[in-house]
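Letter by letter, the chains look like this.
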Amino acid sequence: MKAVLLAAGRGTRMRPLTDTRPKPLLPVGGTTLVENAMDACAPYVDGFVLVVGYMSDEVRETVGDEHAGLPVEYVEQEERAGTADAVVRAQNRVGPRFVVANGDAVFSPSVVGSLVEQEGNALSVKRVDDPSGYGVVEVDDGRATDIVEKPDEPPSSLANAGVYVFDRDALDYMRSTDESARGEREITAAIAEMMTDGYGYGVVEHEGEWLDAGYPWDLLEANRAVLRGTERILDGEVEEGATVRGDVVAEEGARLLSGAYVEGSVFVGEGATIGPNAYVRGPTAVGEGAKVGHGVEVKNSVLMRDASVGHLSYVGDSVLGEGINLGAGTVVANLRHDGKNVRARVKEETVDTGRRKFGVVVGDNVKTGVNTSLNAGTRLGVGATTEPGETVTRDRDVEADG
Ligand code: TTP
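Residues numbered from 1 in each chain as written. Predicted model: local features only at pLDDT ≥ 70, side-chain atom pairs only at ≥ 80, totals over all residues. Heavy atoms only, no water.

- For the chain, an unreviewed UniProt entry supplies the name Bifunctional protein GlmU and the organism Halorutilus salinus.

Structural data, given as structure tokens:
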């Protein structure tokens, strides 16, 4: 049985991080979103089909033609015509039954195991407090009987979790399903039509971690979830005077210098340096070649490859892009005085991040001047700069969202 991973989306809500990479390649705890989803499917499948579109070459290059010892094939979805359309692209690569998952979802392997054990078609659900923003699944006697997108009055608290097992019959429905209001052919609409025609759907509930990484702050959650499963592996250098607590992975060529205090769960990539005299609190991922220098504190953050926070800085609850450089004394605010949730701009609207603590989203190659203050919830676009001593309270140079 193959696993089809949907990885063709544009990831507009993740801007500016997705201006320079496709969303499936966003780093989480030493891997990427899509490779983490593939790992969850790997024990139950004999190969992968990745549906790619936006920046597809990057996905092919990074993931390659083998993952977890299994072959990886690619199919192109030229237009972002919807999730059902994406599944149809894989029709010639799958057998009588196949797994489908969003390439940006975080979920546990056991769910895939339970799905494949079901007979025929099956979907997975997550019990959530407020299901109104999801596809909501109605269940009767252990079988799913209806699925409704973003209903005003949800029929249950079970959100469609975007991991499925389908029979080939489902492909006919995905091919012919009508476009939704946003002009896309969607998996959930095809499933609802199948149910109307009397197809039964098995239901599996995600008991453990589950999330769909749509917004930048979801990346922090995804990073936390992926790092949760790590154990201490210190292949890198731990200098005398460095302290390592909890689950810390230091890859070969990583260096924890004297005075570094690293509290897991923390991933430190190949060639990255922590210290001397630096404090890194998990869950944090420090990408390949990145640097956390003297007098720097980093907490609950993702630092991408070659990010440099060299001196006397604080970074909390933030995502820092590839090749960025924060000038000495750059400080990130991650908490409001009134204790309310931090708000951020997404697709030209202000949204509640749902988090009391959230820092900043910094696009690739940003440079801040010394003593820059970055306010909670601000985004800096790819290549943006700040003056020495600046206080940044609004997004800077983030491309208009389309
Ligand atoms: P979404 O999260 O709805 O879309 P997106 O990833 O493009 O993000 P945004 O809304 O911020 O622009 O997509 C859900 C999953 O389905 C995701 O893994 C991407 C994938 N997808 C496709 O592969 N093809 C498509 O045409 C669409 C709409 C989504």
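### Quick look at the UniProt feature "domain: Mannose-1-phosphate guanyltransferase C-terminal" (unreviewed entry) in the chain
Then, number 1: Per the UniProt record, "domain: Mannose-1-phosphate guanyltransferase C-terminal" (unreviewed entry) is found at residues 263-375.
Then, number 2: Here residues 263-375 is 0% helix and 44% strand, with 25 Å between the C-alpha atoms at its ends. (UniProt positions renumbered as here; feature names shortened; annotations may be inferred. Helix = DSSP H or I, 4+ residues; strand = E, 2+ residues; numbered from the N terminus.)

### Focus: the sheet that holds strand 22 (residues 273-274)
Then, number 1: Overall, parallel pairing links the seven strands, which are arranged 16-19-22-25-28-31-36 in an open sheet. Looking at the sheet topology across the chains shown, the edges are occupied by strand 16 (237-238) and strand 36 (367-368).
Then, number 2: Sheet analysis places strand 25 (residues 291-294) next to strand 28 (residues 308-311), joined by three bridges and oriented parallel. The residue bridging Val292 from the neighbouring strand is Val309, located in strand 28. (Pairing = 2+ DSSP bridges.)

### Here we look at the pairing of strand 7 (residues 97-102)
Then, number 1: Of all six residues in strand 7, six are buried, a share of seventy percent or more.
Then, number 2: Residue alternation in strand 7 divides its side chains into two sets, Arg97, Val99 and Ala101 and Phe98, Val100 and Asn102, and both sets are buried.
Then, number 3: The pairing of strand 7 with strand 12 (residues 158-167) spans five bridges and is classified as antiparallel. The residue bridging Val100 from the neighbouring strand is Tyr164, located in strand 12. (Buried < 20%, exposed > 50% of the residue type's maximum accessible area, 1.4 Å probe, protein only.)

### A look at a negative patch on the surface
Then, number 1: There is a patch of like negative charges on the surface, built from Asp235, Glu251, Glu252 and Glu270.
Then, number 2: Of note, Glu251 is situated in the loop between strand 18 (248-250) and strand 19 (255-256).
Then, number 3: For Glu251, a relative accessible area of 31% puts it in the partly exposed group. (Patch = residues over 30% accessible without salt bridge, like charges linked within 9 Å, V, L, I, M, F, W, Y side chains within 5 Å. Areas by Shrake-Rupley, 256 points an atom, 1.4 Å probe, with all protein chains shown as cover. Salt bridge = Lys/Arg side-chain N within 4 Å of Asp/Glu carboxyl O. Lys, Arg positive; Asp, Glu negative; His and termini not counted. Charge placed at Lys NZ, Arg CZ, Asp CG, Glu CD.)

### Some points on the domain arrangement of the chain
Then, number 1: In terms of domains, the chain is made up of domain 1 (2-214) and domain 2 (229-392).
Then, number 2: Taking the mean C-alpha position of each, domain 1 and domain 2 sit 31 Å from one another.
Then, number 3: Tallying the contact residues gives twelve residues for domain 1 and 16 residues for domain 2.
Then, number 4: With both chains or domains summed, domain 1 and domain 2 bury close to 1000 Å², and 70% of this area falls on carbon and sulfur atoms.
Then, number 5: Inspection of the domain 1/domain 2 interface yields two salt bridges.
Then, number 6: A salt bridge links Asp364 to Arg21, with the shortest nitrogen-to-oxygen separation between them at 2.8 Å.
Then, number 7: On the surface where domain 1 and domain 2 come into contact, there are five residue pairs in polar contact (both at pLDDT 80 or more).
Then, number 8: A per-class count over the side of domain 1 that touches domain 2 returns four nonpolar, four polar and four charged. (Domains from an automatic or database assignment. Contact = heavy atoms within 4.5 Å. Buried area = accessible area lost by both parts, 1.4 Å probe. Polar contact = N/O pair within 3.5 Å; in protein donor to acceptor, adjacent residues only side chain to side chain. Nonpolar A, V, L, I, M, F, W, Y, C, P; charged D, E, K, R; others polar.)

### Describing the site of the ligand
Then, number 1: For the ligand, the set of nearby residues contains 19 residues, the closest of which are Arg10, Thr12, Arg13, Gln77 and Arg80.
Then, number 2: Arg80 places a side-chain nitrogen or oxygen 2.8 Å from an oxygen atom of the ligand.
Then, number 3: Gly82 is positioned with one of its backbone polar atoms (N or O) 2.8 Å from an oxygen atom of the ligand.
Then, number 4: Burial of the ligand by the protein chains amounts to 91% of its free accessible area of 580 Å². (Near = heavy atom within 4 Å.)

### Looking at helix 7 (residues 216-228)
Helical geometry note: an α-helix holds 3.6 residues per turn, so side chains three or four residues apart project in the same direction.
Then, number 1: In this model helix 7 runs 19 Å from its N-terminal to its C-terminal C-alpha over 13 residues, within 8% of the 18 Å that 1.5 Å per residue would give.
Then, number 2: Burial analysis of helix 7 places ten of its 13 residues in the buried class, the great majority of the element.
Then, number 3: The set of residues buried in helix 7 consists of Pro216, Trp217, Asp218, Leu219, Leu220, Ala222, Asn223, Ala225, Val226 and Leu227. (Expected span 1.5 Å × (residues − 1).)

### Focus: the nonpolar core
Then, number 1: Counting residues in hydrophobic clusters, the biggest one holds 34 residues, and the most contacted among them are Val262, Ile274, Val292 and Leu320.
Then, number 2: Counting residues per element, the ones that place at least two in this core are strand 18, strand 21 (266-268), strand 23 (278-281) and strand 26 (296-299). (Core = buried A, V, L, I, M, F, W, Y, C linked by side-chain atoms within 4.5 Å.)

### Describing the environment of Arg379
Then, number 1: Among the structural elements, Arg379 can be located in strand 38 (residues 379-380).
Then, number 2: Spatially, the C-alpha atom of Arg379 lies 7.5 Å from that of Pro16, the residues being 363 residues apart in sequence.
Then, number 3: A polar atom in the side chain of Arg379 sits 3.2 Å from the backbone oxygen of Arg15.

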